Amino acid sequence: MKAAVYVQYGQPEVFQIKDVEKPTPANNEILVRVSATAVNSGDVRLRKADPFAVRFIFGLIKPKVNILGSVFSGEVESMGKDVKKFKVGDFVFGHTDMRFGAYAEYKSFPEDGSVALKPADITLAEAAAIPFGGVAALHFIKKANIQPGQKVLIVGASGAVGSAAVQIAKSFGADITGVCSTVNMALVKSLGADKVIDYTKDDFTKNGEIYDVIFDTVKVISVSRSVKSLSKNGIMILSAAGMSEMMQGLWISKTSNKKVLTGVISHTEADILFLKELIEAGKFKPVIDRTYPLEQIAEAHAYVEKGHKRGNIIINI
Ligand SMILES: NC(=O)c1ccc[n+]([C@@H]2O[C@H](COP(=O)([O-])OP(=O)(O)OC[C@H]3O[C@@H](n4cnc5c(N)ncnc54)[C@H](OP(=O)(O)O)[C@@H]3O)[C@@H](O)[C@H]2O)c1
């Protein structure tokens with residue numbers, strides 16, 4: 001089968017399209033003929049080994065996993081003898097968690113992983129745009145226990161995590177303010193934001209507004225500055241936190257009445273099913289910026305690395 005392979009860390013050009021062995025599903029696995037995957041900010045970190053700590057988990061000198069791609073949509077082509085939940089011909093979507101391997105024509109996957117039937121009324125490309133931002137946003141929104149009527153500020157509201165966070169927090173009944181640049185204001189409003197702040201013209205840390213929850217998806221404002229815009233007992237979510245923000249968050253949580261949430265999320269079948277239901281209820285629509293063929297994976301990575309994509313970048317396999 002065809003796959004985008006990388007055997008060394010580096011620039012987007014490290015990818016090579018190669019013929020590799022097609023996976024054989026284990027007894028509890030489905031074999032998915034991948035229709036679409038996505039290039040996410042997380043894939044860029046792994047391709048570049050940035051931050052350096054990536055190397056301690058994914059290979060010190062060179063990557064241990066040679067096919068990236070953590071989200072997929074496609075058709076079940078075959079399955080192991082013990083699979084009960086799916087049948088050949090089902091259209092599915094999901095997140096591979098730490099297994100990766102979706103930049104390829106086929107991916108085998110345990111039936112009890114983060115995989116579900118594709119929502120009926122969306123395309124396979126849209127289905128591949130659900131899990132990365134959707135699960136990350138849902139994980140933190142649940143952890144913050146967002147309640148109806150709470151004032152929630154979402155920084156980076158036009159990115160993959162941000163565009164999902166606006167819609168999911170809105171479905172929880174929160175009052176949403178999105179922060180994005182001029183060009184993305186209409187998009188963020190259309191996702192359900194009650195107010196939109198253009199960061200090229202206004203600084204939310206200086207407008208006197210106070211929020212119950214601030215969800216910074218892109219780590220662009222210093223924590224010590226943005227925490228001042230939190231209400232008493234307010235919660236700051238830093239989904240893009242590095243080690244120093246995590247330590248700072250720990251300190252703020254210990255020494256004040258405010259709480260900072262950070263950490264690496266895990267992917268569950270329950271979260272995927274929750275997002276599927278939200279989509280079927282018309283409350284969540286994944287945002288797609290551009291679509292590339294697998295052969296242009298380097299171009300897709302270069303675009304994502306600029307940090308200004310709108311929602312998701314899809315790769316058609
Ligand atoms: N904790 C976890 O386990 C976990 C899970 C998933 C993701 N993440 C992390 O979450 C972060 C976000 O990922 P993502 O894929 O959503 O990012 P992304 O899609 O690449 O974010 C791009 C968006 O950020 C916006 N942006 C850039 N500068 C901004 C600023 N100063 N103010 C407001 N918005 C700004 C851009 O809008 P403009 O073009 O308008 O500037 C663009 O739409 C990444 O660091 C990722 O690694 C963590």
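Summarised in this report is the structure supplied together with it. Just so it is clear, the structure is predicted and the values come from calculations on it, not from any experiment.

A short note on a nonpolar patch on the surface
A contiguous nonpolar surface patch, about 610 Å² in accessible area, is contributed by Phe52, Phe56, Ile57, Leu60 and Ile61. For Ile57, the location among the structural elements is in helix α2 (residues 54-58). We classify Ile57 as exposed; its relative accessible area is 56%.

Topic: the sheet that holds strand β8 (residues 151-155)
Pairing within the open sheet is parallel, and its six strands lie in the order β10-β9-β8-β11-β12-β13. Either end of the sheet is taken by a strand with one partner, and the two such strands are β10 (195-198) and β13 (259-261). Mean inter-strand twist for the sheet, computed between neighbouring axes without regard to direction, equals 15 degrees. Pairing between strand β12 (residues 230-238) and β13: three bridges, direction parallel. Residue Ile237 lies in a different strand from β13, and its bridge partner there is Leu261.

Details of the environment of Ile279
On the secondary structure map, Ile279 appears in helix α9 (residues 269-280). Considered as a pair, Ile279 and Ala298 are 19 residues apart in the sequence and their alpha carbons are 31 Å apart. With residues near it in sequence (within four places) discarded, Ile279 still touches Pro119, Ile122, Ile130, Phe284 and Pro286.

Some thoughts on the nonpolar core
If you look at the biggest cluster of nonpolar residues, it comprises 50 residues, and the most contacted ones within it are Ile154 and Phe215. Ranked by size, the runner-up nonpolar core spans 29 residues in total, among them Ala3, Phe15, Val39 and Ile315.

Notes on the packing of aromatic side chains
The final tally for this structure, using the stated rule, is eight aromatic pairs. Centroid distance Tyr6 to Tyr9: 6.4 Å. Interplanar angle 70 degrees. Geometry classified as edge-to-face. The exposure class assigned to Tyr9 is buried, which follows from its relative accessible area of 10%. Relative to Phe215, the ring of Phe140 has its centre 6.0 Å away and its plane inclined at 65 degrees; by these criteria the two rings are edge-to-face. Separated by 75 residues along the polypeptide, Phe140 in helix α4 (residues 131-143) and Phe215 in strand β11 (residues 211-216) bring together distant segments of the chain. We classify Phe140 as buried; its relative accessible area is 1%. The class of Phe215 is buried, set by a relative accessible area of 1%. Over the face of the ring belonging to Tyr106 we find Lys22, whose NZ or CZ atom lies 4.2 Å from the ring centre. Taking NZ or CZ as reference, Lys151 lies 5.2 Å from the ring centre of Tyr211, over its face.

Concerning the site of the ligand
What surrounds the ligand is a group of 27 residues, the closest being Arg45, Ser158, Ser181, Tyr199 and Lys309. Ser181 has a polar side-chain atom sitting 2.4 Å from an oxygen atom of the ligand. Here the ligand, which alone exposes 930 Å², has 88% of that area covered by the protein. Counting only elements with at least two residues in the shell around the ligand, the list comes to α1 (41-48), α4 and α5 (160-171). Ranked by the residues each element gives to the shell around the ligand, the list is headed by α4, at three residues. Considering only residue class, the shell around the ligand consists of 13 nonpolar, twelve polar and two charged.

The rules behind these values
- Residues numbered from 1 in each chain as written.
- Predicted model: local features only at pLDDT ≥ 70, side-chain atom pairs only at ≥ 80, totals over all residues.
- Heavy atoms only, no water.
- Patch = residues over 30% accessible without salt bridge, like charges linked within 9 Å, V, L, I, M, F, W, Y side chains within 5 Å.
- Areas by Shrake-Rupley, 256 points an atom, 1.4 Å probe, with all protein chains shown as cover.
- Salt bridge = Lys/Arg side-chain N within 4 Å of Asp/Glu carboxyl O.
- Helix = DSSP H or I, 4+ residues; strand = E, 2+ residues; numbered from the N terminus.
- Buried < 20%, exposed > 50% of the residue type's maximum accessible area, 1.4 Å probe, protein only.
- Pairing = 2+ DSSP bridges.
- Axes fitted to C-alpha atoms, helices over the stretch in contact; angles between N-to-C directions.
- Contact = heavy atoms within 4.5 Å.
- Core = buried A, V, L, I, M, F, W, Y, C linked by side-chain atoms within 4.5 Å.
- Phe/Tyr/Trp six-rings, centres within 6.5 Å; stacked < 30°, edge-to-face > 60°.
- Lys NZ or Arg CZ within 6 Å of the ring centre and 35° of its normal.
- Near = heavy atom within 4 Å.
- Polar contact = N/O pair within 3.5 Å; in protein donor to acceptor, adjacent residues only side chain to side chain.
- Nonpolar A, V, L, I, M, F, W, Y, C, P; charged D, E, K, R; others polar.

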